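Notes for the structure review
One letter stands for each residue in the lines below.
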Amino acid sequence: MEITYASPSSQNLSSSSQRSSSNVSMPAARPVKVIPLQHPETTSSSSAASSFGASVSKRIGNFKRMTWIQWIETFLPCSRWIRTYKWREYFQVDLMAGTTVGIMLVPQAMSYAKLAGLQPIYGLYSGFVPIFVYAIFGSSRQLAIGPVALVSLLVSNVLGGIADSSDESYTELAILLALMVGIFESIMGLLSHAVISGFTTASAIVIALSQAKYFLGYDVARSSKIVPLIKSIILGADKGKSRKYLRFLRAAGPLTGVVLGTTIVKIYHPPSITLVGDIPQGLPNFSIPKSFECAMSLIPTAILITGVAILESVGIAKALAAKNGYELDSNQELFGLGVANILGSFFSAYPTTGSFSRSAVNHESGAKTGLSGVITGIIMACALLFMTPLFEHIPQCALAAIVVSAVMGLVDYDEAIFLWHVDKKDFLLWTITSITTLFLGIEIGVLVGVGASLAFVIHESANPHIAILGRLPGTTVYRNTQQYPEAYTYHGIVIVRIDAPIYFANISFLKDRLREYEVDVDRSTRRGPEVERIYFVILEMAPVTYIDSSAVQALKDLYQEYKSRDIQIAISNPNHEVLLTLSKSGVVDLIGKEWYFVRAHDAVQVCLQHVQSLKETANAPYPLPDDKLSFLQRLLKSRGEDLSIAELESGAQRPPDFKDTDPKLEPLLYRKS
């Protein structure tokens, strides 16, 4: 058996449905285009396994056609900009951008390491090897990676419950976490942007409060929740000592604070200000991560850090790529981040990712290629080799100022305002994530946010959008009648568009809505032959990308239910996969091949002529011998003259004329014997 697209025309549609395909009359003046459609009974290539095999074969074929240069570019993205590097045009701006970011990264790296509960030297290590690795394997040319505040807080919050930050095991766990994050980097899915925005906003507040102890001069409780932090700050207020001559540091800016703070310490040696202290000099040694016995307890945190890192880094990288006019390979980007973390863990680095602030500075400084990242790495190497003795006298409060200054930019109230105006559900999600993170902690905040996001997705999927379609005046286009009030419908016919895949979770909702549409009929905008009820339900299935077995069975039940009430289902424009599913499940034969159409307009024209035939039968002066036959039998046995399509659409009742018959009737399925 072969399924084809066809364009037959008939002056008597009610009787033509009885004829075999070999007897269908076609007007000689109009060419018929027949497009063979592969049927599941004649080939198995449409199966999922064959489709997967075809996809794999296509990918293998693409690999075979790749040149050696393309192979190098695939595994070493840096070769793309190295081959086309314009030294006179690019080197100066790359040098300036890399130097600027490097100067910015040195104090930030130490600050974020302290936030993570580590010694400052590990922040410098994390800003060294991963930068070089990412410059080779990363696909973004402006993304600046290294330690960031959010990841540092996550590291501190989780590892603080496993080991004391003064223990060597704490550092080992942080390095092991970098290895695990690198492994998970390429397999972590994406989280909702509203979840991440709410999470980062709440985390920024918690981070800023956690650094207050360096300003206030007394200890503040170590916590990832806002209530214990505020309580600790209030209870310890009487312990603080006012230093009027140091107040200007709060507004002086983080980088200036480092210089001025160090200068003051060198000159006055104030006893109340704690210093960074001794920092080892030299590059990190190669070492294999330890404490693998704790790896299982770190998996949730590694996945969480990976999710945040992927979403933020890839988002930044894509935005920068669009601004600089080159394409970004997301898979390669994830691979580059993963390799950077994996290799970094062998040189004492804790988890790193792309930085908002440093990437913005890198871009605004004019960085053109990944060479700017290499220059940043060289500056970090110089800092490790020659400058660590100078870092001993940096005040802790100066590093805290850098953290607070950095995270204040993460308080994304603009995003909240935007979500309020654009999508109230996303605003609710943002609010839920922010509040739960502030009051219940980071892990619970993210879990609640992700859970709420999934709940919203499931709700939207189980309650998909459904539209009643009407015809736009003067066209053959059918659109949502609520969106286009001028669109009109026809008596006895309801056209329903389902804007989602049909599966077990939403089929009950769809059936309920279809029953409502059958009863709730707006007659004010209807045209065509006037009848008292619905005889045809046309399902516009162009947006339906998938239909599962539960939905197929429900569709069969719906057909039987409609049949018992003399209502016929018609299907318009199902895609290839949906059509094959309906065919293999027997729904095509159950409904009838003559009730599948390429366009909603074709289905409407066919249904209109049947509606007119039913109206003439109902208005006959004497009952017909077969008045007790079923709806479909009455349609097939009807011998009344059909009105022209134009007359049926307008509701006119003049006698028919063959020359007015519209030949544009295009059933989707055409049976051949």
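Values in this document were obtained by computation on a predicted structure and should not be read as measured data. (Residues numbered from 1 in each chain as written. Predicted model: local features only at pLDDT ≥ 70, side-chain atom pairs only at ≥ 80, totals over all residues. Heavy atoms only, no water.)

Mapping serine 330 onto the fold places it in helix 15 (residues 330-345). C-alpha separation for the pair serine 330 and glycine 315, spaced 15 residues apart in sequence, amounts to 9.6 Å. Beyond its immediate chain neighbours, meaning those up to four positions away, serine 330 contacts Val314 and Lys318. (Helix = DSSP H or I, 4+ residues; strand = E, 2+ residues; numbered from the N terminus. Contact = heavy atoms within 4.5 Å.)

The next subject is empty space enclosed by the protein. The gaps of empty space that remain are located by a probe, the size of a water molecule, rolled over the atoms. Counted by the stated rule, this structure contains five cavities of 30 Å³ or more. Considered as a void within the structure, the largest cavity measures approximately 160 Å³ in volume. Ile131, Leu143, Ala144, Ile145 and Gly373 are the residues nearest the centre of the largest cavity, which is lined by 18 residues in total. When the residues that make up the lining of the largest cavity are grouped by side-chain class, the tally is eight nonpolar, eight polar and two charged. Here the second largest cavity defines a volume of roughly 90 Å³. Taken together, 13 residues form the lining of the second largest cavity, with Ile498, Ile502, Ile507, Leu539 and Leu555 sitting closest to its centre. Every element with two or more residues in the lining of the second largest cavity is listed here: helix 22 (507-519) and helix 23 (549-564). Along the lines of polarity and charge, the residues of the lining of the second largest cavity split into twelve nonpolar, no polar and one charged. (1 Å grid on protein atoms, 1.4 Å probe; cavity = no way out; pocket = protein on both sides within 12 Å on 5 of 7 lines; lining within 4 Å. Points joined across faces, edges and corners; volume = space filled by probe spheres on them. Nonpolar A, V, L, I, M, F, W, Y, C, P; charged D, E, K, R; others polar.)

This part covers the pairing of strand 8 (residues 493-498). The element strand 8 is extensively covered by neighbouring structure, given that six of its six residues are classed as buried. Both strand 5 (residues 466-471) and strand 8 contribute to a ladder of three bridges, which runs antiparallel. Residue pairing for strand 8: isoleucine 468 is matched across the bridge by valine 496. Bridging between strand 8 and strand 10 (residues 536-540) involves five bridges; their strand directions are parallel. When the sheet's bridge partners are listed, valine 494 is paired in strand 10 with valine 537. (Buried < 20%, exposed > 50% of the residue type's maximum accessible area, 1.4 Å probe, protein only. Pairing = 2+ DSSP bridges.)

For the rest of this paragraph, the subject is the environment of asparagine 324. Take asparagine 324: it is sitting in helix 14 (residues 295-324). Setting aside its immediate chain neighbours within four residues, asparagine 324 contacts Gln142, His363 and Ala367. Within the structure, the side chain of asparagine 324 is placed 3.5 Å from the side chain of glutamine 142, a separation counted as a polar contact. At 2.7 Å, the side chain of asparagine 324 and the backbone oxygen of leucine 320 are in polar contact. (Polar contact = N/O pair within 3.5 Å; in protein donor to acceptor, adjacent residues only side chain to side chain.)

Attention now goes to the pairing of strand 10. Each regular strand carries side chains that alternate between the two faces of the sheet. In terms of burial, strand 10 is largely enclosed, as five of its five residues are buried. Side chains Phe536, Ile538 and Glu540 project from strand 10 onto one buried face, and the interleaved Val537 and Leu539 project onto a second face that is buried too. Where strand 10 lies against strand 11 (residues 568-572), five bridges are found, and the strand directions are parallel. Across the sheet, residue valine 537 finds its bridge partner in strand 11, namely isoleucine 569. Read from strand 10 through helix 23 to strand 11, the crossover connection turns out right-handed. (Right-handed = clockwise from strand over helix to strand, strands pointing away.)

Next up on the list: the nonpolar core. Among the nonpolar cores identified, the biggest contains 55 residues, and Ile493, Ile502 and Leu539 are the most heavily contacted of them. Top contributing element to this core by residue count: helix 26 (residues 600-618), with eight residues. For leucine 539, the contacting residues outside a window of four places in its chain are Val496, Leu514, Leu555, Ile569, Ala570, Ile571 and Ser572. One finds Val106, Leu124, Met380 and Ala398 within the second-largest nonpolar core, a separate group that totals 35 residues. (Core = buried A, V, L, I, M, F, W, Y, C linked by side-chain atoms within 4.5 Å.)

Bringing the pattern of salt bridges into the picture now. Evaluated as defined, the whole model comprises eight salt bridges. Here arginine 515 makes a salt bridge to aspartate 512, at a shortest N to O gap of 3.0 Å. Of this pair, arginine 515 and aspartate 512 are both found in helix 22, three residues apart, which corresponds to roughly one turn of the helix. The exposure class assigned to arginine 515 is partly exposed, which follows from its relative accessible area of 29%. Here the salt bridges share partners, and the residues they tie into one network are Asp512, Arg515, Glu561 and Arg565. (Salt bridge = Lys/Arg side-chain N within 4 Å of Asp/Glu carboxyl O.)

The analysis is restricted to geometry; functional conclusions fall outside its scope.
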